[in-house]
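Chain residues, written in single-letter form:
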Amino acid sequence: ELTPILKSFIRAYPRISVQLQYQRSNLIYDAVISQKIDLGIVAYPREAPRIEVISFANDEMVFIAAPDHRLARKSIITLSDLNGENFITFDEGIPTGDVVRTLLEKHQISVKLQTHNENIDTLKRSVEVGLGVSIIPRKTVSEEIKKRVLVAKKIQNIKLERPIGIVLARKRALDYAAVLFLDSLKAYSSGNKLL
């Protein structure tokens, strides 16, 4: 999601140093509130008394499997197809993983949890080598789909989207560089041409 924005921003403003860190969302909220960072980007953003949220994007969630997995060959995937499957997901406390677990519980789908972690790349590699299947945002597997190392499919009759938001400290004045970066994020999310 951020790669085209970062490339465009760095080309347009080569003297501005953009520092990007991957953190759990609770740590991002804390860093924004304590003004250790200018802004954060989180899945399933939530407003709070000291946090402002700007909508950024929605990611479609899809079923993924290794190409040789039996479900990868099915033309239609239903949630009930996941019953009894080896499953790989995010750690508890990571909003995307929590939403997937809630979805499975709500529909009484019983999976065999093989592994869980907080890193999307590790999760994808685990599915790729055949340790199990997963449900993750489509945009995170676009390269793997092109390379044909993973298969991604919509789950029939389930509309599952992961909202992404920009979080800022309320009433905090951002410096000029942060304002420029925020404007780039907003332009991208509204479908306008990047810088």
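The paragraphs below set out a description of the structure included in this document.

What follows covers the overall build of the chain. If you tally the helices and strands in the chain, you get 6 helices and 7 strands. Secondary structure elements in the chain, listed N-terminal to C-terminal, are α-α-β-β-β-α-β-α-β-α-β-β-α. Taking the principal axes of the C-alpha coordinates as reference, the chain spans close to 50 × 35 × 25 Å. Within the chain, the fraction of its 195 residues that count as buried is 41%. The contacts in the chain between residues at least 6 apart in sequence include a share of 74% that link residues at least 24 apart. If you sum the accessible surface of the chain, you get close to 11,200 Å²; carbon and sulfur atoms cover 50% of it. Looking at charge distribution, the chain has the averaged site of its 29 positive side-chain charges lying 4 Å from that of its 22 negative ones.

Summed over the entire model, instances satisfying the criterion amount to 3 aromatic pairs. An aromatic cluster is defined as three or more aromatic residues linked by ring pairs; in this entry it consists of F9, Y13 and F181. The ring of Y29 has R46 sitting right over it, with the charged end atom 4.1 Å from the ring centre.

Looking now at unusual backbone geometry. Leaving glycine aside, a negative phi is the common case for residues, and trans is the common case for peptide bonds. Notably, Y44 is not glycine yet its phi reads approximately 50 degrees, a positive angle. Its location among the elements puts Y44 in the loop between β1 (40-43) and β2 (51-65). A positive phi angle, close to 65 degrees, is found at N157, a residue other than glycine. The residue N157 is located in the loop between β6 (151-153) and β7 (161-169) in this model.

Definitions and cut-offs
- Residues numbered from 1 in each chain as written.
- Predicted model: local features only at pLDDT ≥ 70, side-chain atom pairs only at ≥ 80, totals over all residues.
- Heavy atoms only, no water.
- Helix = DSSP H or I, 4+ residues; strand = E, 2+ residues; numbered from the N terminus.
- Buried < 20%, exposed > 50% of the residue type's maximum accessible area, 1.4 Å probe, protein only.
- Contact = heavy atoms within 4.5 Å.
- Areas by Shrake-Rupley, 256 points an atom, 1.4 Å probe, with all protein chains shown as cover.
- Lys, Arg positive; Asp, Glu negative; His and termini not counted.
- Charge placed at Lys NZ, Arg CZ, Asp CG, Glu CD.
- Phe/Tyr/Trp six-rings, centres within 6.5 Å; stacked < 30°, edge-to-face > 60°.
- Lys NZ or Arg CZ within 6 Å of the ring centre and 35° of its normal.

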